Every structure is written in structure tokens, then in C-alpha cells.
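Listed below, chain by chain, are the residues.
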Amino acid sequence: GQQLNQSPQSMFIQEGENVSMNCTSSSIFNTWLWYKQDPGEGPVLLIALYKAGELTSNGRLTAQFGITRKDSFLNISASIPSDVGIYFCAGQRGAGSYQLTFGKGTKLSVIP
Amino acid sequence: GAGVSQTPSNKVTEKGKYVELRCDPISGHTALYWYRQSLGQGPEFLIYFQGTGAADDSGLPNDRFFAVRPEGSVSTLKIQRTERGDSAVYLCASSRTGGSGQPQHFGDGTRLSIL
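Computed from a predicted model, the values in this text were never measured in an experiment.

## Digging into the interface of chain B and chain A
Residue-level contacts link 23 residues of chain B with 22 residues of chain A. Buried area between chain B and chain A, summed over both chains or domains, comes out near 1800 Å², and the portion from carbon and sulfur atoms is 50%. At the junction of chain B with chain A, the criterion picks out zero salt bridges. Taken together, the links from chain B to chain A amount to six residue pairs in polar contact (both at pLDDT 80 or more). Contributions of two or more residues to the side of chain B that touches chain A are made by β4 (31–37), β5 (44–50) and β10 (105–106) of chain B. Here the residues of the side of chain B that touches chain A sort into eight nonpolar, eleven polar and four charged.

Here you go:
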């Protein structure tokens, strides 16, 4: 099935560094969401974005909904060891289509 | 509990057998979704329930897969004549209502292994 284009696929960073990852699509989504998944667990919602151009923060996390509605990015500032995990973007078309379409994930490793 | 609950957490069975996976959504959530996640991939949509009815089953891969939600709360995903390719983590999510602007909250999934 279709998946969003998420990059980078993996990242190794030093503790304290900032992180940026993004997600693109060839088609429009009306809602963008970012999830984090730890091994053996389900995805946990980090940030939800509902309007094109919207910039939303949740603690050290900031995400933006691209103005074309075809992309989104997630930034993590001052990374800490517990930020380790896989980050997924997901898009929802709306207007009768409420399923989420996911990217393949960005695997983040933080070196203490 | 406060979150989405899925049972069993792990299921190992032989090819050709029938399996049932259960999802108990967050209390009061009317919308329920099933996804399947293969290793190294993001979750892929299977089916969406609004109340008791399947509003969108376009993600079910074939007629061996079926899901029900008879009372609008707990849902069961049923797989007949299992194949090795069915091995994956099956995730369930719920949202307060269906529709845009309603974030989906996931359970921890059932890891299904077909031998």
C-alpha cells in the first residue's frame, strides 16, 4: 500500500544535539500526525497538525504542517537518551477517508 | 484501563489455522481502526469501524480477513486459513469519533507469527 516518503531512514546523534526529520507526499493530506514507537509497543501520538502552515510545539518537539499540505517536518531540540525510538509521520485525507497513511519511520539513536 | 487494550500480546500458530485477535478501545471512543505493521515498515490500514458498522474495509488484503464489532465497543479481527505472509504486528487504534481532527490512539498490538 501507499506510504509517505519519510527521511532520513535513521540518525545517530550526540546527546544534546537538535534533530530534524521530514515527510513528503505526492498527494494532499488534511491532517498530519507524528508518532513515536518503542520496541514492543504501539505508536504514541506526539503532535497533531490540522491546518496548512500550522506550527505546533510539545515540549522539546516542534512540528509544522507544510503550506502545500504535502509535507510536514518534526524537530527535536536538545535530544536526550529517552528520545531513542522510531518516529513515524502519518497523514489523514479526511472528507470521508479517515484511515492514516504512514511513512516508513525514522530510527533515532542518541549517543550519551 | 485508560488505553487501547489488545489481546493476546503474542500469538504463534501453524499455517492453515484460524486466529482471532481482540481489541478493547478507549472507553467512549466510537471509532475503531485496525492496522497491520510488518517489520521495518509503518502501519498499514486494514479496516475502520464507526460504531458497529465497518465504514471502510478497503485495506483488508483478501477474504480470509474479517472483523466485527457487534456492540460498538470491543472488536475482533479474524483470519482464516492463515499463511506465513500474515505474520506481522496487528495494531488497533481508537478515536473519540470518526472524522478529521480526531487523533487515533494505538494499543501495543498483537504479534502474530505463522509457522
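Now, onward.
## Some thoughts on the sheet that holds strand β8 (residues 71–76) of chain A
Residues and elements named next belong to chain A. Within the open sheet, the five strands sit side by side as β1-β3-β8-β7-β6. Their pairing is antiparallel. Each edge of the open sheet carries a strand with a single partner, namely β1 (5–7) and β6 (55–58). Adjacent strand axes in the sheet meet at a mean angle of 15 degrees, parallel and antiparallel pairs treated alike. As paired strands, strand β7 (residues 61–65) and β8 are joined by five bridges and run antiparallel to one another. Across the sheet, the residue bridging to Thr62 is Asn75, located in β8.

## Remarks on the layout of surface pockets
Size it by volume and the largest pocket reaches roughly 740 Å³. In this structure, the largest pocket is lined by 33 residues; those nearest its centre are Gln37 and Ile86 of chain A together with Gln37, Leu39 and Arg111 of chain B. Among the secondary structure elements, those contributing two or more residues to the lining of the largest pocket are β9 (85–94) and β11 (106–111) of chain A together with β9 (88–95) and β11 (110–114) of chain B. Broken down by element, the residue count for the lining of the largest pocket peaks at four residues, all from β11 of chain A. Residue composition of the lining of the largest pocket, grouped by class: ten nonpolar, 17 polar and six charged.

## Comments concerning the state of the cysteines
Under the definition given, this model contains two disulfides over all chains. Each sulfur of the disulfide joining Cys23 of chain A and Cys89 of chain A lies 1.8 Å from the other. Note that Cys23 of chain A is positioned in strand β3 (residues 19–24) and Cys89 of chain A in strand β9, a separation of 66 residues in sequence. Relative accessible area serves as the criterion here: at 0%, Cys23 of chain A is assigned to the buried category. With a sulfur-sulfur separation of 1.9 Å, Cys23 of chain B is cross-linked through a disulfide to Cys92 of chain B.

Calculation rules
- Residues numbered from 1 in each chain as written.
- Chains lettered and ligands numbered in written order.
- Predicted model: local features only at pLDDT ≥ 70, side-chain atom pairs only at ≥ 80, totals over all residues.
- Heavy atoms only, no water.
- Contact = heavy atoms within 4.5 Å.
- Buried area = accessible area lost by both parts, 1.4 Å probe.
- Salt bridge = Lys/Arg side-chain N within 4 Å of Asp/Glu carboxyl O.
- Polar contact = N/O pair within 3.5 Å; in protein donor to acceptor, adjacent residues only side chain to side chain.
- Helix = DSSP H or I, 4+ residues; strand = E, 2+ residues; numbered from the N terminus.
- Nonpolar A, V, L, I, M, F, W, Y, C, P; charged D, E, K, R; others polar.
- Pairing = 2+ DSSP bridges.
- Axes fitted to C-alpha atoms, helices over the stretch in contact; angles between N-to-C directions.
- 1 Å grid on protein atoms, 1.4 Å probe; cavity = no way out; pocket = protein on both sides within 12 Å on 5 of 7 lines; lining within 4 Å.
- Points joined across faces, edges and corners; volume = space filled by probe spheres on them.
- Disulfide = S-S within 2.5 Å.
- Buried < 20%, exposed > 50% of the residue type's maximum accessible area, 1.4 Å probe, protein only.

Coordinates in, geometry out; function isn't part of it.
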